[in-house]
Amino acid sequence: MGITKHSEELLQAQLELWHHAFGYVKSMALAVAIDLGIPDAIHRRGGAATLPQILADASLCPSRLHGLRRLMRALTVAGTFTISTTTSSAGGAGAGDEEAVYELTPASRILVTDDGEGLSPVLSLVLNPFRVSPLGMGIGAWFRRSGGDRPDNAAPFAVAHGGRNMWEAAARKPAFNALVNDAMAADSRFLMRIVLRECGAEVFGGVGSLVDVAGGLGGAATAVARAFPEMDCSVLDLPHVVANAPSGGSVRFVAGDMFQSIPPADAVFLKWILHDWGDDECIKILKNCKQAIPSRDRGGKVIIIDMVVGSGSPDAKQLETQVLYDLLIMGINGVERDEQEWKKIFFEAGFKDYKIMPILGVRSIIELYP
């Protein structure tokens, strides 16, 4: 039996809406896989494991096998894992039957944490209910919220958490603070290897001193100091962050506030920082950066790692990821900016020129010159 074109279009439209509406379930499945340690369980089996093996390594009850199969099916269709079959060699009635084997993909391989690397902490922060629920549950109310004639700068996160922004909340909640710090450290381990390998000499070569602003526990600064041992590297961050920083290494930690002042250095490094803040806050931070560095002819510059929406690859998935992250970061009053939006705040902060290097996937390196 055939179907009319009109009905086919209606059903395709329904599919499109359902696909978007169920997108949060895919995120939930990924969060569960990370929470259960499934990438690590498969990694410990040499990169391929059966459902019973995953069940055992994750210390799950045997009665959860059917649920695990459904979870892995969803993650396999999503491309997080791949699946193949093998013939069971176990004794008994099932010997010789085909058994599903789940394998790591490049995406799930960088979620492995057994070697102290991997991006699981970053995804754990992004998917954490404390971080996400104000956007998912309260964004509609936030849009309806009236500030009268005055601008209403209360972000959905702050509205949901007693007026505190994410960093104020982290200062009051040690577990969430640890989650934030672990995520930033994991991202630095992952990304800085690529940055230093692909353009380290171009970006950091010849820099005598560098201050990593809001650099957390120093992962990025330590990587730079290791690659350029002659460079004087320091990290500026809030007192409750610096209190947990490692001591005795090649990086010096300074407790302070980037909105007040930034220690002087040849270069200021802002890795994944400015997208957390609105234009006015970014301009204030950048003005402090400009005061901290020498003139351009003496090598002064600001090095930024952040998204430049629409820059680089024309891949539709990259652009979609950038604009979806923009909606997520809106929950804390942050912004993912395109080049014109960046240019506006750069020039308002008093800088004269900039260069964008779209070589980090969804993110770019921006050099900003006084």
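Parameters and conventions
Residues numbered from 1 in each chain as written. Predicted model: local features only at pLDDT ≥ 70, side-chain atom pairs only at ≥ 80, totals over all residues. Heavy atoms only, no water. UniProt positions renumbered as here; feature names shortened; annotations may be inferred. Helix = DSSP H or I, 4+ residues; strand = E, 2+ residues; numbered from the N terminus. Buried < 20%, exposed > 50% of the residue type's maximum accessible area, 1.4 Å probe, protein only. Contact = heavy atoms within 4.5 Å. Core = buried A, V, L, I, M, F, W, Y, C linked by side-chain atoms within 4.5 Å. Disulfide = S-S within 2.5 Å. Phe/Tyr/Trp six-rings, centres within 6.5 Å; stacked < 30°, edge-to-face > 60°. Lys NZ or Arg CZ within 6 Å of the ring centre and 35° of its normal. Polar contact = N/O pair within 3.5 Å; in protein donor to acceptor, adjacent residues only side chain to side chain. Pairing = 2+ DSSP bridges.

- For the chain, the name recorded in an unreviewed UniProt entry is O-methyltransferase ZRP4, with Urochloa decumbens as its organism.
- Its UniProt record, at the heading Sequence similarities (unreviewed entry), says of the chain: "Belongs to the class I-like SAM-binding methyltransferase superfamily. Cation-independent O-methyltransferase family."

### Regarding the UniProt feature "active site" (unreviewed entry) in the chain
Step number 1: UniProt records the feature "active site" (unreviewed entry) for His 275 in the present numbering.
Step number 2: Following the sequence through the fold, His 275 ends up in the loop between strand S7 (267–271) and helix H14 (279–292).
Step number 3: Note on His 275: relative accessible area 3%, which makes it buried.
Step number 4: Not counting residues within four places of it along the chain, the set of residues in contact with His 275 comprises Asp 306, Tyr 325, Ile 329, Gly 334, Val 335, Glu 336 and Arg 337.

### Topic: the nonpolar core
Step number 1: In terms of nonpolar packing, the biggest core is built from 31 residues, with Val 268, Leu 270, Leu 286, Val 302 and Phe 346 touching the most fellow members.
Step number 2: Counting residues per element, the ones that place at least two in this core are strand S4 (209–213), S7, H14, strand S8 (301–306), helix H16 (339–348), strand S11 (353–360) and strand S12 (363–369).
Step number 3: The residues touching Leu 270, leaving out its near neighbours within four places in the chain, are Val 213, Ile 285, Leu 286, Cys 289, Val 302, Ile 303, Ile 304 and Ile 305.
Step number 4: Counting 28 residues, the second-largest nonpolar core is a separate cluster that includes Met 192, Val 203, Cys 233 and Leu 360.

### A look at the state of the cysteines
Step number 1: Under the definition given, this model contains 0 disulfides.
Step number 2: Of all cysteine sulfurs, the one in Cys 282 lies closest to Cys 289, which takes part in no disulfide; the gap is 10.0 Å.
Step number 3: We classify Cys 289 as buried; its relative accessible area is 0%.

### Quick look at the packing of aromatic side chains
Step number 1: As enumerated under the stated definition, the model contains 10 aromatic pairs in all.
Step number 2: On the basis of an interplanar angle of 85° and a centroid distance of 5.6 Å, the ring pair of Phe 130 and Phe 157 is categorised as edge-to-face. One end of the pair, Phe 130, is in helix H8 (residues 129–144); the other, Phe 157, is in helix H9 (residues 156–160), and 27 residues separate them in sequence.
Step number 3: Measuring from ring centre to ring centre gives 5.7 Å for Phe 204 and Phe 269, while their planes differ by 85°; the resulting arrangement is edge-to-face. Highlighted residues: Phe 204 in helix H11 (residues 174–204) and Phe 269 in strand S7, separated in sequence by 65 residues. Side by side, Phe 204 and Phe 269 carry an identical accessibility label, which is buried.
Step number 4: Between Lys 173 and the ring centre of Phe 130, over which it is positioned, the NZ or CZ distance is 5.2 Å.

### Concerning the environment of Thr 86
Step number 1: Turning to its location among the elements, Thr 86 is positioned in strand S2 (residues 81–87).
Step number 2: When the C-alpha positions of Thr 86 and Thr 50 are compared, they lie 9.2 Å apart, and in sequence the two are 36 residues distant.

### Considering the side chain of Ser 108
Step number 1: Mapped onto the secondary structure, Ser 108 falls in helix H6 (residues 106–109).
Step number 2: A residue is classified by how much of its surface remains accessible, and Ser 108, at 0% relative accessible area, is buried.
Step number 3: Side-chain polar atoms of Ser 108 contact the backbone oxygen of Thr 80, separated by 2.8 Å.

### Topic: the pairing of S12
Step number 1: Extensive coverage of S12 is indicated by the burial of 7 of its 7 residues.
Step number 2: Of the two faces of S12, both are covered, the one formed by Arg 363, Ile 365, Glu 367 and Tyr 369 as well as the one formed by Ser 364, Ile 366 and Leu 368.
Step number 3: Sheet topology note: the S8/S12 ladder contains 5 bridges and is antiparallel. By the bridge assignment, Ile 305 is partnered in S12 with Ile 365.
Step number 4: Note: S11 against S12, 6 bridges, orientation antiparallel. Directly across from Lys 355, in S12, lies its bridge partner Glu 367.
Step number 5: Between S11 and S12, which pair antiparallel in sequence order, lie 2 residues; one of them, Gly 361, sits at a positive phi of approximately 70°.

### A look at the environment of Pro 62
Step number 1: Within the fold, Pro 62 resides in the loop between helix H4 (51–57) and helix H5 (65–77).
Step number 2: Pro 62 sits 78 residues away from Gly 140 along the chain, and the two C-alpha atoms are 41 Å apart.

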